[in-house]
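One-letter residues, chain by chain:
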Amino acid sequence: MLGLLAGACSAGYFLMNDSLGDVVDPLGLIAWGMTGAAVVLIPFARPWDIPWDAFTVSVTPAAGGRTLPVLVAYLWMALVATVVAYILGVNAVRRLSAAVGATVASLEVIGGAVVAWGLVGETLGVF
């Protein structure tokens, strides 16, 4: 049921993005969408159980490299994987269509699995 609900929300997001066209600013659409999603997901994410002190330390990846504060790594991931991705996605749907945008977005899962396999040797399991 949750998978179907997630699919319906995703379809609604792409259709709303396509139908609003130039009426709504892309950044406004993203900001309100993320705010609404955050409100809905707070009970499931349970932020009160997050060990917030983990954001105050610095770590070095197991494969070596530079030591980086966890907070900086987290903010970089949030900026690139969320903000930039949503801005590009909204603008792509406005230039193409909801159907094309949803199809390309669906390929993100497959692309992520291929990149994880190629870069770090991860394999897909049952779950």
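Residues numbered from 1 in each chain as written. Predicted model: local features only at pLDDT ≥ 70, side-chain atom pairs only at ≥ 80, totals over all residues. Heavy atoms only, no water.

A.B. asks: Explain the overall build of the chain to me, and be specific about the residues and the numbers.
C.D. replies: Across its full length, the chain carries four helices and two strands. For the chain, the α and β elements follow one another from N to C terminus as α-α-β-β-α-α. Taking 2.2 N^0.38 as the reference for a compact globule, 127 residues should give roughly 14 Å; the C-alpha atoms of the chain span a radius of gyration of 18 Å, well beyond that estimate. Counting only C-alpha atoms and orienting by the principal axes, one finds that the chain spans roughly 45 × 35 × 30 Å. The proportion of buried residues among the 127 residues of the chain is 8%. Restricting the contact set of the chain to residue pairs at least 6 apart, pairs at least 24 apart contribute 56%. Total accessible area on the chain stands at roughly 10000 Å², and carbon and sulfur atoms take up 74% of it. In the chain, 4 side chains carry a positive charge and 7 a negative one; their mean positions are 5 Å apart. (Helix = DSSP H or I, 4+ residues; strand = E, 2+ residues; numbered from the N terminus. Rg over C-alpha atoms; globule rule 2.2 N^0.38 Å. Buried < 20%, exposed > 50% of the residue type's maximum accessible area, 1.4 Å probe, protein only. Contact = heavy atoms within 4.5 Å. Areas by Shrake-Rupley, 256 points an atom, 1.4 Å probe, with all protein chains shown as cover. Lys, Arg positive; Asp, Glu negative; His and termini not counted. Charge placed at Lys NZ, Arg CZ, Asp CG, Glu CD.)

A.B. asks: Residues and numbers for the packing of helix H1 (residues 2–20) against helix H3 (residues 70–95), please.
C.D. replies: One can describe the packing of H1 onto H3 by two numbers: an axis separation of 8 Å at closest approach and a directional angle of 60°. In this view, H1 runs oblique relative to H3, as classed from their interaxial angle. Of the two possible hands of crossing, H1 and H3 adopt the one that is right-handed. For the pair H1 and H3, contact is made by Tyr-13, Phe-14, Asn-17 and Asp-18 and by Tyr-86, Gly-89, Val-90, Val-93 and Arg-94, respectively. Here the residues of the contact of H1 with H3 sort into five nonpolar, two polar and two charged. (Axes fitted to C-alpha atoms, helices over the stretch in contact; angles between N-to-C directions. Parallel < 35°, antiparallel > 145°, perpendicular 65-115°, else oblique. Left-handed = near helix turned anticlockwise from the far one by under 90°. Nonpolar A, V, L, I, M, F, W, Y, C, P; charged D, E, K, R; others polar.)

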